[in-house]
Amino acid sequence: MSKIEIKNLTKKFEINGDSIVALKDINLTIDKGEIFGIIGMSGAGKSTLVRTINYLEKPSKGDVYIDNISMASLSAKDLRKKRREIGMIFQNFNLLEQKNVIDNICFPLEIAGVKKKEAKKKARKLLDTVSLSDKEKAYPSQLSGGQKQRVAIARALASNPEILLCDEATSALDPQTAGSILNLLKEINKKFNITIIIITHQMSVVTEICDRVAIIDSGRLVEEGKVSDIFANPKSDVAKELIIGKEIRFSTTKSINNRKVV
Ligand SMILES: Nc1ncnc2c1ncn2[C@@H]1O[C@H](COP(=O)(O)OP(=O)(O)O)[C@@H](O)[C@H]1O
Ligand SMILES: [Mg+2]
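Residues numbered from 1 in each chain as written. Chains lettered and ligands numbered in written order. Predicted model: local features only at pLDDT ≥ 70, side-chain atom pairs only at ≥ 80, totals over all residues. Heavy atoms only, no water.

**Student:** What is the right way to look at the overall build of the chain in this model?
**Tutor:** If you tally the helices and strands in the chain, you get 10 helices and 12 strands. Taken over the C-alpha trace, the chain has a radius of gyration of 19 Å; the compact-globule value for 262 residues is 18 Å, and the two agree within 12%. Its C-alpha atoms give the chain principal-axis dimensions of roughly 55 × 45 × 40 Å. Counting all 262 residues of the chain, 49% fall into the buried class. (Helix = DSSP H or I, 4+ residues; strand = E, 2+ residues; numbered from the N terminus. Rg over C-alpha atoms; globule rule 2.2 N^0.38 Å. Buried < 20%, exposed > 50% of the residue type's maximum accessible area, 1.4 Å probe, protein only.)

**Student:** Got a minute to help me understand the packing of helix α3 (residues 101-111) against helix α4 (residues 116-129) in this structure?
**Tutor:** Axis angle and axis distance: for two packed helices, these are the angle between their axes and the distance between the axes, and together they describe the pair. At a minimum axis separation of 9 Å, α3 and α4 run at an interaxial angle of 125 degrees. Between α3 and α4, the crossing angle belongs to the class labelled oblique. In the crossing of α3 with α4, the sense of the turn from one axis to the other is right-handed. Two secondary-structure elements touch here, α3 through V101, I102, D103, I105, C106, L109 and E110 and α4 through K116, A119, K120, K122, A123, R124, L126 and L127. Looking at the contact of α3 with α4 residue by residue, the class counts come to nine nonpolar, no polar and six charged. (Axes fitted to C-alpha atoms, helices over the stretch in contact; angles between N-to-C directions. Parallel < 35°, antiparallel > 145°, perpendicular 65-115°, else oblique. Left-handed = near helix turned anticlockwise from the far one by under 90°. Contact = heavy atoms within 4.5 Å. Nonpolar A, V, L, I, M, F, W, Y, C, P; charged D, E, K, R; others polar.)

**Student:** Please explain helix α6 (residues 175-192) as it appears in this structure.
**Tutor:** Side chains of residues three or four places apart in an α-helix project in the same direction, reflecting 3.6 residues per turn. End to end, α6 covers 25 Å across 18 residues, agreeing with the expected 26 Å (1.5 Å per residue, within 8%). All of the buried residues in α6 are A178, G179, I181, L182, L184, L185, I188 and N189. Its side-chain oxygen at 3.1 Å from the backbone nitrogen of Q176, D174 defines the N-terminal cap of α6. Positioned one or two residues after α6, N193 has a phi angle of 55 degrees, which is positive. (Expected span 1.5 Å × (residues − 1). Polar contact = N/O pair within 3.5 Å; in protein donor to acceptor, adjacent residues only side chain to side chain.)

**Student:** Explain a positive patch on the surface here, please?
**Tutor:** On the surface, K12, K24, K61 and R220 cluster together into a patch of positive charge. Within the secondary structure, K61 sits in strand β4 (residues 61-66). (Patch = residues over 30% accessible without salt bridge, like charges linked within 9 Å, V, L, I, M, F, W, Y side chains within 5 Å. Areas by Shrake-Rupley, 256 points an atom, 1.4 Å probe, with all protein chains shown as cover. Salt bridge = Lys/Arg side-chain N within 4 Å of Asp/Glu carboxyl O. Lys, Arg positive; Asp, Glu negative; His and termini not counted. Charge placed at Lys NZ, Arg CZ, Asp CG, Glu CD.)

**Student:** Hey, could you run me through the sheet that holds strand β5 (residues 69-70) in this one?
**Tutor:** The pairing of strands in a sheet comes from backbone hydrogen bonds and takes either a parallel or an antiparallel form. The sheet built from four strands is open, its strands ordered β2-β1-β4-β5 with antiparallel pairing. Here the strands that pair on one side only, and so sit at the sheet edges, are β2 (18-30) and β5. Contacting β1 (4-15), β2 and β4, helix α1 (residues 46-53) runs over the sheet at an angle of about 115 degrees to β1. (Pairing = 2+ DSSP bridges.)

Shown next, in the form of structure tokens:
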């Protein structure tokens, strides 16, 4: 379980001489053991924010502190070690198609130098945690979306992470399957004491499992607080659009504030 502090974080991308400010001066503290939601529209900077937490993207300014340790201060070796303490799951699961379920879960362990037999033992335990013991030998193409995400969760847990980053992890799933994945994440949060960050554009995900939520819009943090408070009384325009205007937003494709939303 880790505390995450994001301090004065700015991230710029340079493309063909143009500078895109993906994140602008973000300050955010995520407490140990919390399930924290980050919401915003497409292009708001959500994925960039999670990728800077594990330093897959280096901040242009500011820094990320995990349990009071500056990520910028870590050597390349320590950064690799730290990243192993941060699991990540994605919308498209990112499983290795040519490996079966158990080998997908063992893969990061073997890279970390764990012996094959030990890795298998651990992987089997994790398959039990995600209720997929009967699929050990199946290949990703033989699994449903929900099952693939369960494998991805087991793989993310293999290195005993302190933090789990979930980038639109339920966005490709039907509501019922998404609900079962969210329940699993809740169980994991309790059972393994893992701090979980959930990035989503789906409001139902936030109301279902998050303790607190931050809203980002065009790279800026516009609102944060307890989910019940923010949803009862959204203050910023984007929070109002996301929370109150969600039926309009998600049932049609239209342009709001010159942004294409689906
Ligand atoms: N590697 C990159 N190079 C250039 N621009 C990027 C890169 N990654 C993201 N961006 C830009 O940063 C902004 C935020 O993107 P992203 O974090 O993916 O948003 P979200 O996840 O909220 O949809 C977008 O304008 C996107 O085009
Ligand atoms: Mg994204």
